[in-house]
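Here are the chains, one letter per residue:
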Amino acid sequence: MRRSLLAVLAATSLLLSACAEKELYGDLSEREANEMVAVLQNAGVSAAKSTKDGKVWTLKTRPEQFSSAVAVLHDQGYPRDKFESLGDVFKKEGFVSSPMEQRARLMYGLSQELSQTISSIDGVVQARVHIAVPEADPLAETQKPSSASVFIRHNPDVDLSGQVGSIKALVTNSIEGLPYDKVTVVMFPARPVMTQAQPSAVKSLTVPAIAVVLAVGGVAAYLLTRRPKKKPRPRLRAVETERPAA
């Protein structure tokens, strides 16, 4: 009987471990983790954040809702792409760079910062800015103009067509010598990832745990009722002896 109870407890621990949270993404800032938790909870997917040092955060969800969580975050453009600033691109490393390398770094840094700025627009899921600045030729009579291409993947529920002019002006004013008509903005609606419907966050948190507790309690009660009863010991009857006659 004791072995049966131990087996039940072992099975219970396995079931409870199966209900534990599963890590979605790590190495997140607190702001990004808060945004992702809000997005998932608004979509009916359970989510929680955790940290060990208060600087780097981890996002977790229920194992049965892992695929739905990934799909929801993907549709909303999370986790956000990490971009480098001009300070990161031109950080001092103790080496002298050639003019060509310095120019390439400048174009890369401008592209990164513009991509990050456009990604901050409401409704934009992903943004990329590609800059083409021809090298100046001192012998040429006319210089080739610079150009830029902006790729935007946006939420299909948000119409960004009215923001094209503002985006082109933003890119034009950020790059010296770039004409307004040489900026191309291309937008594509983000296609949502189709997944099977998952239970809500409240149900996913409570139903499995309650089911496990009830199942274990029922099995334990059943095993306890089947314990063999001890047989009562036979009572000893006093034997009367005849007294000798006086």
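Residues numbered from 1 in each chain as written. Predicted model: local features only at pLDDT ≥ 70, side-chain atom pairs only at ≥ 80, totals over all residues. Heavy atoms only, no water.

Participant: In this structure, what is going on with the overall build of the chain? I would like to understand it.
Facilitator: The number of helices and strands found in the chain is seven helices and six strands. When the elements of the chain are put in sequence order from the N terminus, they spell out α-β-α-β-β-α-α-α-β-β-α-β-α. By residue count, 26% of the 246 residues in the chain fall in the buried class. Within the chain, counting contacts between residues at least 6 apart in sequence, those at least 24 apart form 67% of the total. Split by element, the accessible area of the chain, about 17,700 Å² in all, is 56% carbon and sulfur. (Helix = DSSP H or I, 4+ residues; strand = E, 2+ residues; numbered from the N terminus. Buried < 20%, exposed > 50% of the residue type's maximum accessible area, 1.4 Å probe, protein only. Contact = heavy atoms within 4.5 Å. Areas by Shrake-Rupley, 256 points an atom, 1.4 Å probe, with all protein chains shown as cover.)

Participant: Hey, could you run me through the pairing of strand E3 (residues 57-61) in this one?
Facilitator: Moving residue by residue along a regular strand, the side chains alternate between the two faces of the sheet. Counting buried positions over the five residues of E3 gives four, a clear majority of the element. Relative to E3, strand E1 (residues 22-28) is paired through four bridges, and the arrangement is antiparallel. The residue bridging Tyr-25 from the neighbouring strand is Leu-59, located in E3. Pairing analysis gives four bridges linking strand E2 (residues 48-51) to E3, with the strands arranged antiparallel. Counted as the bridge partner of Ala-48 is Lys-60 from E3. Hairpin connection of E2 to E3: five residues between the antiparallel strands, including Gly-54 at a positive phi of 80°. (Pairing = 2+ DSSP bridges.)

Participant: Where do I start with the packing of helix H2 (residues 30-42) against helix H3 (residues 66-75) in this structure?
Facilitator: A pair of packed helices can be characterised by two numbers: the angle between their axes and the separation between those axes. With their axes 10 Å apart at the nearest point, H2 and H3 run at an angle of 115° to one another. As summarised for this structure, H2 and H3 are arranged roughly perpendicular, according to the angle between their axes. Considering only the axes of H2 and H3, their crossing is right-handed. Residue-level inspection shows Met-36, Val-39 and Leu-40 of H2 in contact with H3, the latter providing Ala-69, Val-72 and Leu-73. Of the residues belonging to the contact of H2 with H3, the class tally is six nonpolar, no polar and no charged. (Axes fitted to C-alpha atoms, helices over the stretch in contact; angles between N-to-C directions. Parallel < 35°, antiparallel > 145°, perpendicular 65-115°, else oblique. Left-handed = near helix turned anticlockwise from the far one by under 90°. Nonpolar A, V, L, I, M, F, W, Y, C, P; charged D, E, K, R; others polar.)

Participant: Would you explain the packing of helix H5 (residues 99-119) against helix H6 (residues 164-174) in this entry?
Facilitator: The interhelical angle for the contact between H5 and H6, taken along N-to-C directions, is 155°, at an axis separation of 11 Å. As the angle between them shows, H5 and H6 are arranged roughly antiparallel. As H5 runs across H6, the sense of the crossing is right-handed. For the pair H5 and H6, the contacting residues are Leu-110, Leu-114, Thr-117 and Ile-118 in the first and Ile-167, Leu-170, Val-171 and Ser-174 in the second. When the residues that make up the contact of H5 with H6 are grouped by side-chain class, the tally is six nonpolar, two polar and no charged.

Participant: Looking at this structure, how should I read the packing of aromatic side chains?
Facilitator: Ring pairs (aromatic) are described by centroid distance and by the angle formed between their planes. Applying the stated rule across the entire model yields one aromatic pair. Judged by centre distance (5.7 Å) and plane angle (40°), the rings of Phe-151 and Phe-188 are tilted. Taken together, the positions of Phe-151 in strand E5 (residues 147-154) and Phe-188 in strand E6 (residues 183-189) put the pair 37 residues apart, joining distant regions of the chain. Of the residues examined, Phe-151 reaches a relative accessible area of 28% and is grouped as partly exposed. Taking the relative accessible area as the measure of exposure, Phe-188 reaches 40% and is therefore partly exposed. In this structure, Lys-49 packs its charged tip against the face of Trp-57, placed 4.5 Å from the ring centre. A cation over an aromatic ring shows up here: Arg-80 above the ring of Tyr-78, its NZ or CZ 4.3 Å from the ring centre. (Phe/Tyr/Trp six-rings, centres within 6.5 Å; stacked < 30°, edge-to-face > 60°. Lys NZ or Arg CZ within 6 Å of the ring centre and 35° of its normal.)

Participant: Help me out: how do you make sense of the sheet that holds E6 in this one?
Facilitator: Strand pairs in the sheet, formed through backbone hydrogen bonds, run parallel or antiparallel to each other. Here we have three strands laid out as an open sheet, ordered E4-E5-E6, and mixed in their pairing. What marks the edges here is a single partner per strand, and that holds for strand E4 (124-132) and E6. Strand-to-strand twist across the sheet, computed as the mean angle between neighbouring axes with direction ignored, equals 15°. The sheet contact formed by E4 and E5 spans eight bridges and is antiparallel. Residue pairing for E5: Val-124 is matched across the bridge by His-154.

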